[in-house]
Amino acid sequence: MTVASTDHAPGHAVSVACDGGGGALGHPRVFLELDAEGKVVCPYCSRLYRADETGHVSEVKA
Ligand SMILES: [Zn+2]
């Protein structure tokens, strides 16, 4: 079998890694899974990440 099945379209991130930015304010690196709206809040540092329509995930500044 050479056909690979993919659950997610290429380029569409479903998770984001967060380490709190490192340094004194950082925390152990964790992978956060985006919700159905493409957003996730880090439980360690409360940073909000959101995926845009291209699937690129970036931190949302308050
Ligand atoms: Zn974090």
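Everything discussed here concerns the structure shown above.
Residues numbered from 1 in each chain as written. Predicted model: local features only at pLDDT ≥ 70, side-chain atom pairs only at ≥ 80, totals over all residues.

Asks: What exactly am I supposed to notice about the sheet that holds strand S4 (residues 48–51) here?
Replies: Strand pairing in a sheet is mediated by backbone hydrogen bonds. Such pairs are either parallel or antiparallel. What the three strands build is an open sheet, ordered S3-S4-S5; its pairing is antiparallel. Each end of this open sheet is capped by a strand with a single partner; those strands are strand S3 (39–41) and strand S5 (57–60). Neighbour-to-neighbour, the strand axes of this sheet turn through a mean angle of 25°, independent of strand direction. Here S3 pairs with S4 via three bridges, running antiparallel. (Pairing = 2+ DSSP bridges. Helix = DSSP H or I, 4+ residues; strand = E, 2+ residues; numbered from the N terminus. Axes fitted to C-alpha atoms, helices over the stretch in contact; angles between N-to-C directions.)

Asks: Whenever I open this one, the environment of valine 16 confuses me. Can you help?
Replies: Here valine 16 shows up in strand S1 (residues 15–18). For valine 16, a count of 19 C-beta atoms within 10 Å gives the class partly exposed. C-alpha of valine 16 to C-alpha of glutamate 33: the two residues are 17 residues apart in sequence and 6.6 Å apart in space. Excluding anything up to four places from it in sequence, valine 16 contacts Leu32, Leu34, Val40, Tyr49 and Val57. (Buried ≥ 20, exposed ≤ 12 C-beta atoms within 10 Å, placed from the backbone. Contact = placed C-beta atoms within 7 Å.)

That's the geometry; what it means functionally is another story.
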